[in-house]
Amino acid sequence: MPTYQCPQCGRPFTTQEPTPRARCPYCGNVVDLNYTGSQQQQQQAPQFGNQQQQGWQQNAYGQPQQNVDLFANGPSGKSRGVAGLLAILLGGLGVHYFYLGKTGAGVLFLILGLLSCGLISVLTLIQGILMLLMTQEDFEKKYVYTQSSFPLF
């Protein structure tokens with residue numbers, strides 16, 4: 001049984017029918033089986049205009065969606081995923097601020113964490129979750145490129 005690849009969803013499938021066309025069992029796209037895989041890919045490549053260059057990709061339903069890579073470094077070289085995890089796990093010691101280059105805030109959180117016996121880590125837990133949920137652009141604007149030496153929320 002030959003295996004074909006759907007140009008719409010990219011999943012491989014097999015068919016028992018000797019017809020020139022088959023329907024993909026995953027997305028329902030009609031696939032012309034006379035084409036080779038490379039011709040199928042060239043014929044049905046997603047066209048999103050300028051969105052393809054801006055980090056957009058096609059999901060399984062053929063709709064454009066933003067490529068969300070949590071641990072990718074931004075233009076500044078700082079990752080919001082790393083900063084968020086540091087804030088969640090070691091935020092009471094101010095490690096996420098040291099990672100972001102805000103040493104004043106890091107020292108302040110280190111002192112507050114030691115004086116409050118770690119109660120300040122509840123605040124950094126919320127801050128870490130917010131870091132993970134915001135976009136890379138908002139993260140860069142709020143925590144990396146800000147003139148504030150103590151960006152909290």
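Sequence order as written defines residue numbering, which begins from 1 separately in each chain. Thresholds applied to this predicted model are a pLDDT of at least 70 for local features of residues and 80 or more for the giving and counting of side-chain atom pairs; totals over whole chains, interfaces and linings are not thresholded and use all residues. As a rule here, side-chain values come from all non-hydrogen atoms in the structure, and water together with hydrogens is ignored.

A. Helix 2 (residues 80-90), seen in detail. Three labels apply to residues, based on accessible area from a 1.4 Å probe with only protein chains included: buried if under 20% of the type maximum, exposed if over 50%, partly exposed otherwise in between. Helix and strand definitions follow DSSP, with helices as H or I runs of at least four residues and strands as E runs of at least two, each counted in order from the N terminus. For helix 2, the full list of buried residues reads Arg-80, Gly-81, Ala-83, Gly-84 and Ala-87. In an axial view of helix 2, the angular spread of the buried residues amounts to 165°, which keeps them on one side of the axis. Here a polar contact is recorded for every N or O atom pair within 3.5 Å, except that within protein the pair must consist of a potential hydrogen donor and a potential acceptor, and residues adjacent in sequence are included only if both atoms are side-chain atoms. Taking the backbone nitrogen of Gly-81 as reference, a side-chain oxygen 3.3 Å away marks Ser-79 as the first, capping residue of helix 2. The arc under discussion is defined with respect to the helix axis, by the directions toward the C-beta atoms.

B. Representation of the packing of helix 2 against helix 5 (residues 121-133) within the structure. Where helix 2 meets helix 5, the axes come as close as 7 Å, and the angle between the chain directions of the two elements is 165°. Compared by their axis directions, helix 2 and helix 5 come out roughly antiparallel. Read as a crossing pair, helix 2 and helix 5 show a hand that is left-handed. Between helix 2 and helix 5, the residues in contact are Arg-80, Gly-81, Ala-83, Gly-84, Leu-85, Ala-87 and Ile-88 and Thr-124, Leu-125, Gly-128, Ile-129, Met-131, Leu-132 and Leu-133, respectively. The residue classification treats Ala, Val, Leu, Ile, Met, Phe, Trp, Tyr, Cys and Pro as nonpolar and Asp, Glu, Lys and Arg as charged. All others, Gly included, are polar. Partitioned by chemical class, the residues of the contact of helix 2 with helix 5 number 9 nonpolar, 4 polar and 1 charged. Helix axes use the C-alpha atoms of the stretch in contact, all axes being lines fitted to C-alpha atoms, and the angles between their N-to-C directions lie in the range 0 to 180 degrees. For classification purposes, angles smaller than 35 degrees are called roughly parallel, those larger than 145 roughly antiparallel, those between 65 and 115 roughly perpendicular, and all remaining angles oblique. Crossings are classed by handedness, with left-handed meaning an anticlockwise turn of the near helix from the far one by less than a right angle and right-handed meaning a clockwise turn. Contacts are residue-level and defined by heavy atoms, with any inter-residue pair within 4.5 Å sufficient.

C. Spatial organisation of helix 5. Any helix carries an expected span of 1.5 Å times its number of residues minus one. Between its terminal C-alpha atoms helix 5 stretches 18 Å, which fits the 18 Å expected from 13 residues at 1.5 Å a residue. On its buried face, helix 5 sits against helix 2, helix 3 (95-100), helix 4 (103-115) and helix 6 (136-144).

D. Structural detail: the nonpolar core. Working definition of a nonpolar core: buried Ala, Val, Leu, Ile, Met, Phe, Trp, Tyr and Cys residues. They are joined through side-chain atoms within 4.5 Å. Counting 8 residues, the largest nonpolar core consists of Ala-83, Ala-87, Leu-100, Met-131, Met-134, Phe-139, Tyr-143 and Val-144. Those elements that provide at least two residues to this core are helix 2 and helix 6. It is helix 6 that provides the largest number of residues to this core, a total of 3 residues. Sequence-distant contacts of Leu-100, that is, excluding residues within four places in its chain, are made with Lys-78, Ala-83, Met-131, Phe-139, Tyr-143 and Val-144. In terms of nonpolar packing, the next biggest core, distinct from the first, is built from 6 residues, Phe-13, Ala-22, Cys-24 and Leu-33 among them.

E. Expanded view of the side chain of Ser-79. By the element assignment, Ser-79 lies in the loop between strand 6 (64-66) and helix 2. In this structure the side chain of Ser-79 is engaged in a polar contact, spanning 3.4 Å, whose partner is the backbone nitrogen of Val-82. Beyond its immediate sequence surroundings of up to four residues, Ser-79 is in contact with Leu-70, Phe-71, Ala-72, Asn-73, Tyr-99 and Phe-139.

F. Just the side chain of Glu-140, in detail. Positionally, Glu-140 belongs in helix 6. When charges are counted, Lys and Arg are positive and Asp and Glu negative, with His and the chain ends excluded. A pairing counts as a salt bridge when a side-chain nitrogen of Lys or Arg comes within 4 Å of a carboxyl oxygen of Asp or Glu. One buried charge, Glu-140, has no salt-bridge partner; the nearest side chain with opposite charge is Arg-80, at 8.3 Å. Side-chain polar atoms of Glu-140 contact the side chain of Ser-76, separated by 2.8 Å. Ignoring any residue separated from it by four or fewer positions in sequence, one finds Glu-140 in contact with Gly-74, Pro-75, Ser-76, Lys-78 and Tyr-145.

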